[in-house]
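Here is what each chain is made of, one letter per residue.
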Amino acid sequence: MRLFFTLLAIVLLLPLTVSAEPAKTIDELVAPYDSSKCAECHEEAHENWAKSWHAKSVTDPRVLRAWRTFIIQGLDASPQAKRSDLKHICFSCHAPVTKKVEITDALTEQIADLIITAAEDKDAAKRDAATKELGKLNIGCLACHNIDGSPDGNPQPNTIYGPGDAEDPPHKEEFGFETVKAPFMKTAGFCKNCHHGCPPDMPSSICPTLWSSYEEEYLAHGGDKTCQECHMQGEDGENHRFPGIYEKDFTATGVDLKLSASSTEYVDYFKNQVHPTVVMNVQLKNTSGHGIPHG
Amino acid sequence: MYIPKASLEVTVKDQDGKVLLTKIKEYSVYDLHFEDNKEGYLGMSNFDITAQHHINLGLEPHQTDSITEVLPLAIGTKSVTVEATFNYLYEEGDRAVIKTASKTVEF
């Protein structure tokens, strides 16, 4: 829940949208950023992405339930707020296509209805149908490789931004897309937009997030890894599954656990007895790049 | 109730499997709105992190926490097994043991 309003600053910084006509349906909204063709060549990356939380940025059950609560307890309960405010508060990260394609209030409200249906409708068929429709909004390839991929915040249309590792990918010949190398995508700052989201001049004492823990407690005390070095680890360093705390083996790499236990004796002077005694010490060290639990 | 937490737990069992000691330390983070805080964006005080107090009971990077115990045992105890676990409580009913360390001490 804590991230809901760290995103306000982003709204103020959004680049102009690419479409003059606001989208009236989810299909209209997502069509300009369809990533389905990417899987034809980037099969492994696509398979990994499909298992990632980015691929469930809208439809993960926990996201849906939390979002439902925010709509009902936050937006609906406040006389100053309305459901169409979702697009200003949540969508830029959970459904980043809305940064580039304008969306009507009516469609935003329709999406809010779908979220509530997907989260809590008693009819499983309705829940599944709503989840399927909302799934079109999940973070796809072009969210990072176009919408957020330009270091100047002004991505060009029909352009693929990549970290610069690939040799002359045939995007132009195959799809008419330019390819632009953006080493910026390898930096932690690339993740900051959504995993921090506070205004640049706002101190973490006011807006504490996963990022402020990374910056103030990890980097400031000698840490030197980027987000990607842990959360995109793989044979080629490009794991698009983005393992996190819900993967036990990965989470285990973020802590050291040491145990010592020794035998000794305790003399009970009052009762004239000698008891076998164990002395133990357990040490837990956070070796990750941010606080536990966080985010 | 959904309160994401991590925990460090130590359990001591004797040679018969009887639990002699359990110690738990929990790590959690809260953002809570109080009356004297500013009002949240659009009146939504419970959802605006900038209008809330940050109560950090977590474990920050590079930090080490520990549990030390001295446990006198019943006379005749032959051995005890000390087990330490680091756990995540994702939500009610969804708890995962992330890391375990164990040592048996004989007398």
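Residues numbered from 1 in each chain as written. Chains lettered and ligands numbered in written order. Predicted model: local features only at pLDDT ≥ 70, side-chain atom pairs only at ≥ 80, totals over all residues.

## Section: the overall build of chain B
In terms of helices and strands, chain B carries zero helices and six strands. Along the chain direction, N to C, the helices and strands of chain B fall in the order β-β-β-β-β-β. A compact globule built from 107 residues would reach a C-alpha radius of gyration of about 13 Å, whereas chain B, at 20 Å, exceeds it by more than 25%. With the C-alpha coordinates aligned to their principal axes, the bounding extent of chain B is approximately 65 × 25 × 25 Å. (Helix = DSSP H or I, 4+ residues; strand = E, 2+ residues; numbered from the N terminus. Rg over C-alpha atoms; globule rule 2.2 N^0.38 Å.)

## Structural notes on the nonpolar core
With 33 residues, the main nonpolar core has A:L29, A:I115, A:A118, A:L134 and A:L137 as its most contacted residues. Counting residues per element, the ones that place at least two in this core are α2 (26-30), α4 (61-75), α5 (86-89), α7 (105-120) and α8 (124-134) of chain A. It is α7(A) that contributes the most residues to this core, seven residues altogether. Formed by 21 residues, the second largest nonpolar core is a distinct cluster that contains A:L284, A:I292, B:Y27 and B:L59. (Core = buried A, V, L, I, M, F, W, Y, C linked by C-beta atoms within 7 Å. Buried ≥ 20, exposed ≤ 12 C-beta atoms within 10 Å, placed from the backbone.)

## Let's talk about the sheet that holds strand β3 (residues 53-57) of chain B
Pairing between sheet strands relies on hydrogen bonds along the backbone, with the strands arranged either parallel or antiparallel. Residue and element names in this part refer to chain B. Read across the sheet, five strands follow the order β3-β2-β1-β5-β6 without closing on themselves; strand pairing throughout is antiparallel. Of all the strands in the sheet, just β3 and β6 (94-106) have a single pairing partner and so form its edges. Taken over all neighbouring pairs, the strand axes of this sheet differ in orientation by 15° on average, direction set aside. (Pairing = 2+ DSSP bridges. Axes fitted to C-alpha atoms, helices over the stretch in contact; angles between N-to-C directions.)

## Considerations on the packing of α7(A) against α8(A)
Residue and element names in this part refer to chain A. Axis separation between α7 and α8 bottoms out at 7 Å; the angle between their running directions is 135°. One way to sum up the angle between α7 and α8 is to call them oblique. Note on packing geometry: the crossing formed by α7 with α8 is left-handed. Touching L114, I115, T117 and A118 of α7 are K126, R127, A130, T131, E133 and L134, all from α8. The residue inventory of the contact of α7 with α8, partitioned by class, reads five nonpolar, two polar and three charged. (Parallel < 35°, antiparallel > 145°, perpendicular 65-115°, else oblique. Left-handed = near helix turned anticlockwise from the far one by under 90°. Contact = placed C-beta atoms within 7 Å. Nonpolar A, V, L, I, M, F, W, Y, C, P; charged D, E, K, R; others polar.)

## So, the interface of chain B and chain A
On the side of chain A, 55 residues touch chain B, which itself brings 53 residues to the contact. Here the side of chain B that touches chain A gets nine residues from one element, more than from any other, and that element is strand β4 (residues 64-72) of chain B. Looking at the side of chain B that touches chain A residue by residue, the class counts come to 31 nonpolar, 13 polar and nine charged. Where strand β4 (residues 273-286) of chain A meets β4(B), nine bridges bridge the pair, whose relative direction is antiparallel. Of the residues in β4(B), the one forming a bridge with A:T277 is B:P72.

## Notes on the sheet that holds strand β3 (residues 255-268) of chain A
Taken in spatial order, the three strands line up as β3(A)-β4(A)-β4(B) in an open sheet, and their pairing is antiparallel. Of all strands in the sheet, those bounded by a partner on one side alone are β3 of chain A together with β4 of chain B. Taking each pair of neighbouring strands and ignoring which way they run, the sheet shows an average axis angle of 10°.

## Notes on the confidence of the model for chain B
All names here are of chain B. Mean pLDDT over chain B: 95, with 99% of residues reaching 70 or higher. Mean pLDDT values for the elements of chain B range from 94 in β3 up to 98 in β4. Confidence metrics for the complex model read pTM 0.90 and ipTM 0.96. (pLDDT = per-residue confidence, 0-100.)

## Points about the environment of B:G43
Turning to its location among the elements, B:G43 is positioned in the loop between β2 (19-32) and β3. Taking the C-alpha atoms as reference, B:G43 lies 33 Å from B:Y88; in sequence the two are 45 residues apart. Every residue in contact with B:G43, bar those within four places of it in the chain, is listed here: A:S78, A:P79, A:Q80 and A:A81.

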